[in-house]
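Tertiary structure, described
Each chain is listed here by its residues.
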Amino acid sequence: MSMLWGFITDFFTYETTKSVVVKSWSVGIINRVVQLLIIIYFVCWVFLHEKAYQVKDSGIESSVMTKVKGFGYHNNRVMDVADYVAPTQGAAVFCIITKLIVTEKQFQGFCPESEVKYECETDEDCDKHLGSFLGNGIITGACVNSSEGGRCEMEGWCPAENDKVVMQPMMEVENFTIFIKNSIRFPMFNVTRGNFPSSLNTTYIRSCTYDPEHNRHCPIFKVGDVLRYTGQNFSTIAQTGGEIGINIEWECNLDESEERCQPHYSFTRLDAVFQKNAISQGYNFRFAKYYKTENGMKNRTDFRTLHKAYAIRFDILVTGLAGKFNTVPTLINLVAAFTSVGLGTVLCDIILLNFLKGADQYKAKKFEEVSESQIQILLSRESCSQLSVKAEEKISDDSGAVSLYLDQQL
């Protein structure tokens, strides 16, 4: 019962601030240094660097169109854009083919597998491959003779593809150019921008290539330069393929002129994490071109030419952040700044209450309990119009703040 009563009496209490002026150089210096650091943080970082006085829009709307130009030789053929770019629509994600392994005149039928792992002597040797999806077709379970010895028979497009053929890549890809046309919009501010500055003209566009120091606004990128910016070797990536990211970053301060809202380009290899893994390195894909034989309308047969393409895949990634002055975030951060300045007082209280020799004296002056009975006694004393204090204590006439000298106790 006494515990319950104690809880009730503690709950219905009121705490008020009591000012205690501590005359201490060390504590005063700590207090002002902490306050100065907090002010510097809010002014330099929060307001100037992070621009916390602005409302931000990161919901960028973007459109990207691309064009690749260049000619190269591959397998004794001249390759143009229609041969080595996929898909051909000029999207934000496209591939430049560096090497092709071609299997011509494939018909539907039965034929031996091409890989060494399908070698066999009897039909029983092929039973373990039944139901496998890692070959070129459906394994029938029969062992048949081929020019390379016994092989398991498969049903599908014949002859089976042999992707172990050594093929030299198209080295001219290094000099191909990529033209990027990017338009963006920040819907919150209804601001639309493009990656062509108004100062660019047709003559400049036709002759420039991107350079981060001299031509950082040129929208034409040389493939070899892009790979060099990512630290890649063209000869290696042309053999196995790979994925390259071209990042277009828009950071716009709309308190300034919109003309100063310009893109920043950066480059990275997106599949770099897989280069240390021998399981699936590089980038490749397959596609086929289909035909019909000319042996009569009723007996026409479908056949195809299969291509296994090793390619450099380019992903155009667009990000953006725009900011503009607004009174709401400004007021919120100003209030947070003024409130945070009070942390200096909290730190000094911790030091005074726990680490200084005069901690007990400070506690006695800072915390004081007054009950209703004490108030009644004081009011009943007509002669007590003012509280008495010790000689070393001073009471300010205007604020009632108690001054406490601690320098001699430090």
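Residues numbered from 1 in each chain as written. Predicted model: local features only at pLDDT ≥ 70, side-chain atom pairs only at ≥ 80, totals over all residues. Heavy atoms only, no water.

**Description of the overall build of the protein**
A count of helices and strands for the protein gives 11 helices and 18 strands. Buried residues in the protein amount to 37% of all 410 residues. The contacts of the protein with a sequence gap of at least 6 include a subset with a gap of at least 24, amounting to 70%. Carbon and sulfur atoms make up 55% of the accessible area of the protein, which amounts to about 26,300 Å² in all. (Helix = DSSP H or I, 4+ residues; strand = E, 2+ residues; numbered from the N terminus. Buried < 20%, exposed > 50% of the residue type's maximum accessible area, 1.4 Å probe, protein only. Contact = heavy atoms within 4.5 Å. Areas by Shrake-Rupley, 256 points an atom, 1.4 Å probe, with all protein chains shown as cover.)

**Some remarks on the nonpolar core**
Core analysis: the biggest nonpolar cluster contains 46 residues, and Tyr84, Ile96, Trp250 and Phe314 have the highest contact counts within it. Sorting the residues of this core by element identifies β3 (61-69), β7 (93-112), β10 (177-186), α6 (223-229), α7 (234-240), β13 (242-253), β14 (263-269) and β16 (302-325) as the ones contributing at least two each. Top element by residues in this core is β16. It accounts for seven residues. Excluding anything up to four places from it in sequence, Ile96 contacts Val68, Tyr84, Val173, Phe176, Ile178, Val223, Ala311, Ile312 and Phe314. Ranked by size, the runner-up nonpolar core spans 10 residues in total, among them Cys126, Ile139, Cys143 and Met154. (Core = buried A, V, L, I, M, F, W, Y, C linked by side-chain atoms within 4.5 Å.)

**Some details on a nonpolar patch on the surface**
Taken together, the side chains of Leu4, Trp5, Phe7, Ile8, Phe11 and Phe12 define a hydrophobic patch exposed on the protein surface, amounting to about 760 Å² of accessible area. Along the chain, the position of Phe11 falls in helix α1 (residues 2-11). On the basis of relative accessibility, which here comes to 57%, the residue Phe11 falls in the exposed class. (Patch = residues over 30% accessible without salt bridge, like charges linked within 9 Å, V, L, I, M, F, W, Y side chains within 5 Å. Salt bridge = Lys/Arg side-chain N within 4 Å of Asp/Glu carboxyl O.)

**Observations concerning the state of the cysteines**
Going through the model one piece at a time under the given rule, you end up with five disulfides. Here Cys208 engages in a disulfide with Cys218; their sulfurs sit 2.0 Å apart. As the torsion about the S-S bond is roughly 80 degrees, the Cys208-Cys218 disulfide counts as right-handed. With Cys208 in the loop between α5 (202-207) and β12 (220-222) and Cys218 in the loop between α5 and β12, this pair connects stretches of sequence that are 10 residues apart. Each of the two residues, Cys208 as well as Cys218, counts as buried. Covalently, Cys252 is tied to Cys261 through a disulfide, its sulfur atoms 1.8 Å apart. (Disulfide = S-S within 2.5 Å.)

**A look at the confidence of the model for the protein**
Averaged over all residues, the pLDDT of the protein is 84; the fraction at 70 or higher stands at 88%. Scored below 50 in pLDDT, residues 386-400 shows 13 contacts in the model against residues more than four places distant or in partner chains. (pLDDT = per-residue confidence, 0-100.)

**Remarks on the pattern of salt bridges**
By the definition in use, this model includes 13 salt bridges. Arg286 is the partner of Asp163 in a salt bridge, and the nearest nitrogen-oxygen pair spans 3.4 Å. Pair noted here: Asp163 is in the loop between β9 (149-158) and β10 and Arg286 is in strand β15 (residues 284-292), with a separation of 123 residues, a long-range link. On the basis of relative accessibility, which here comes to 44%, the residue Arg286 falls in the partly exposed class. Close ionic contact of Asp302 with Lys292 constitutes a salt bridge, the shortest N to O distance being 2.4 Å.

**Structural notes on the environment of Phe221**
Positionally, Phe221 belongs in strand β12. For Phe221, a relative accessible area of 1% corresponds to the buried category. The spacing of Phe221 and Ile180 is 41 residues in sequence and 8.0 Å in space, taken between C-alpha atoms. Those residues in contact with Phe221 that sit more than four places away from it in its chain are Phe176, Thr177, Ile178, Ile180, Tyr210, Val226, Tyr265 and Phe267.

**Re the environment of Lys128**
For Lys128, the location among the structural elements is in the loop between α4 (124-127) and β8 (137-146). Considered as a pair, Lys128 and Tyr118 are 10 residues apart in the sequence and their alpha carbons are 9.9 Å apart.

**Describing the packing of helix α2 (residues 25-49) against helix α8 (residues 327-341)**
Where α2 contacts α8, the two axes come as close as 9 Å, and the packing angle between them is 160 degrees. Between α2 and α8, the crossing angle belongs to the class labelled roughly antiparallel. The crossing of α2 and α8 is right-handed. Seen from α2, the contacting residues are Gln35, Ile38, Ile39, Phe42, Val46 and Phe47; seen from α8, they are Asn333, Leu334, Ala336, Ala337, Ser340 and Val341. Counted by class, the contact of α2 with α8 contains nine nonpolar, three polar and no charged residues. (Axes fitted to C-alpha atoms, helices over the stretch in contact; angles between N-to-C directions. Parallel < 35°, antiparallel > 145°, perpendicular 65-115°, else oblique. Left-handed = near helix turned anticlockwise from the far one by under 90°. Nonpolar A, V, L, I, M, F, W, Y, C, P; charged D, E, K, R; others polar.)

**As for the pairing of β8**
Pairing geometry for β8 and β9, over seven bridges, is antiparallel. Across the sheet, residue Ser146 finds its bridge partner in β9, namely Gly149. (Pairing = 2+ DSSP bridges.)

**Considering the packing of aromatic side chains**
By convention here, two paired aromatic rings are described through the distance between centres and the angle between planes. Inspection of every chain in the model, using the stated rule, returns 17 aromatic pairs. Seen in terms of ring centroids, Phe221 and Tyr265 are 5.0 Å apart; in terms of plane orientation they differ by 70 degrees. Their pairing is edge-to-face. Here Tyr265 lies in strand β14 and Phe221 lies in strand β12, a separation of 44 residues in the sequence. Each member of the pair, Phe221 as well as Tyr265, carries the same accessibility label: buried. An angle of 35 degrees between the planes, with centres 6.2 Å apart, marks the rings of Phe285 and Phe287 as tilted. Under the relative-accessibility criterion, Phe287 is labelled partly exposed at 27%. (Phe/Tyr/Trp six-rings, centres within 6.5 Å; stacked < 30°, edge-to-face > 60°.)

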